[in-house]
Amino acid sequence: MGKLNDIFSLDIGMDLGTANTLIHVKGKGIVLSEPSVVAIEKGTKKVIAVGHEAKKMLGKTPGDIITVRPLRDGVIADFDSTGKMIEYFIKKVAPKSFFKIKPRVAVGIPSCITEVEKRAVSDSIERAGAKEIFILEESMAAAIGANIPIFEPAGNMICDIGGGTTESSVISLDGMVITNAIRIGGDELDEAIIKHVKLVHNLIIGESTAETVKIKIGNMDYHQDSKIMEIRGRDAISGLPKVQEITSNEIREALQETINLIIEEIKKTLDQTPPELSADIVERGIVLTGGGAMLMGLSKLIANQTGVPVIIAENPLLCVALGAGKFLEQRNKA
Ligand code: ADP
Ligand code: MG
């Protein structure tokens, strides 16, 4: 019976992130990981490209094509493009079989999303052909994906740093005890780099250059050697192309203010945690997920500032999708 069920069922775990969308399919693992970006023709509103294809066009499109990141800043800015993106991704992973198998979909979305936006997400998933839909809070999905023992009567703290949001939560007995979410994440770090480079070097750079700088030489640990990188952009005064050397040290300073906001949020969550659960967290540590967890030196800085050990999850970018997939598996057993 179990086997037959497997053949005629399709379980999809989805991470609808502000920067990236990931899909886990039962029995196959992570089958899709693409930027949450849509390119649209202005007049006709026709979708030109989705995912990787659309991201390549970011900041490089001619006047009549616009690129949208529908989930940016945790807000579904544009229901229509969100829906088209979701449908496109689900259809891309669905097997092209003779029998039309209707999938069950569990989707992790940022918790600061409104009810109306949640509704828009589930409508789009339904339109993509799902027979059952489960909307999970991102922190819960991330915790399951990071193999945190959420069913235990003990405090577990998770902090997910994504592109547009940072969510920190305490989970015990399969429930969220505390959740705090702010609309600050990796995007704001990129913006801080853009501002810094303009102010100090009179150089205008784009979002992807700023993101590359952050990933390659960004380091919040001042004990580590400063790296140097050459970046290219446009001189703010002459308007001509220009190359500039930039160091880890100055990038750390540029990021500090935004990082402080993230650490403040983590401290707020710790402060709101009931004492018995705090004791567990001090023992078990805070688990970091999301792409932002990989910023060099960040886990150490958070540990220093909070006095609580910090652990980076094994696959920080995959946790939410893995967790959504595992959620459906656990329901099958129940
Ligand atoms: P979301 O869930 O919002 O889609 P992700 O968890 O996919 O976001 O993380 C995307 C963010 O992580 C981006 O801002 C990206 O720049 C950042 N990121 C990815 N890898 C690294 C890295 N190695 N160092 C620092 N930031 C990173
Ligand atoms: Mg995420």
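Criteria and thresholds
- Residues numbered from 1 in each chain as written.
- Chains lettered and ligands numbered in written order.
- Predicted model: local features only at pLDDT ≥ 70, side-chain atom pairs only at ≥ 80, totals over all residues.
- Heavy atoms only, no water.
- Salt bridge = Lys/Arg side-chain N within 4 Å of Asp/Glu carboxyl O.
- Helix = DSSP H or I, 4+ residues; strand = E, 2+ residues; numbered from the N terminus.
- Buried < 20%, exposed > 50% of the residue type's maximum accessible area, 1.4 Å probe, protein only.
- Phe/Tyr/Trp six-rings, centres within 6.5 Å; stacked < 30°, edge-to-face > 60°.
- Pairing = 2+ DSSP bridges.
- Axes fitted to C-alpha atoms, helices over the stretch in contact; angles between N-to-C directions.

(A) Region of the structure containing the pattern of salt bridges. Taken as a whole and assessed by the stated rule, the structure comprises 14 salt bridges. A salt bridge links R127 to E87; its shortest N-O distance comes to 3.4 Å. Taken as a pair, R127 in helix α4 (residues 115-127) and E87 in helix α3 (residues 79-93) lie far apart in primary sequence, 40 residues in all. Given a relative accessible area of 53%, R127 falls into the exposed group. Overall, the relative accessible area of 17% leaves E87 in the buried class. Among the ionic pairs, D190 bridges to K214, the shortest N-O distance being 2.9 Å. Remark: K214 occurs in helix α7 (residues 207-217) and D190 occurs in helix α6 (residues 186-201); sequence separation between them is 24 residues. Residue classification places K214 among the buried positions, given a relative accessible area of 11%. By sharing partners, the salt bridges in this structure join E87, K91 and R127 into a single network.

(B) Representation of the packing of aromatic side chains in the model. Taken as a whole and assessed by the stated rule, the structure comprises two aromatic pairs. Plain terms: the ring middles of Y88 and F89 are 5.8 Å apart, the flat faces sit at 65° to each other, and that makes the pair edge-to-face. Here Y88 falls in the partly exposed class, since its relative accessible area comes to 35%. Using a relative accessible area of 0% as the deciding quantity, one classes F89 as buried. When the ring of F134 is compared with that of F327, the centres are 5.6 Å apart and the planes differ by 65°; the resulting orientation is edge-to-face. In this pair, F134 is assigned in strand β8 (residues 132-137) and F327 in helix α11 (residues 319-333), connecting sequence segments 193 residues apart. The two residues F134 and F327 agree in class, both being buried.

(C) Structural detail: the sheet that holds strand β5 (residues 47-50). Spatial ordering of the open sheet is given by β5-β4-β6, a layout of three strands whose pairing is antiparallel. In this open sheet, the two edge strands, each paired with only one partner strand, are β5 and β6 (65-68). Averaged over all pairs of adjacent strands, the angle between their axes in this sheet comes to 20°, without regard to strand direction. Of the pairings in the sheet, the one linking strand β4 (residues 38-41) to β5 comprises three bridges and is antiparallel in character.

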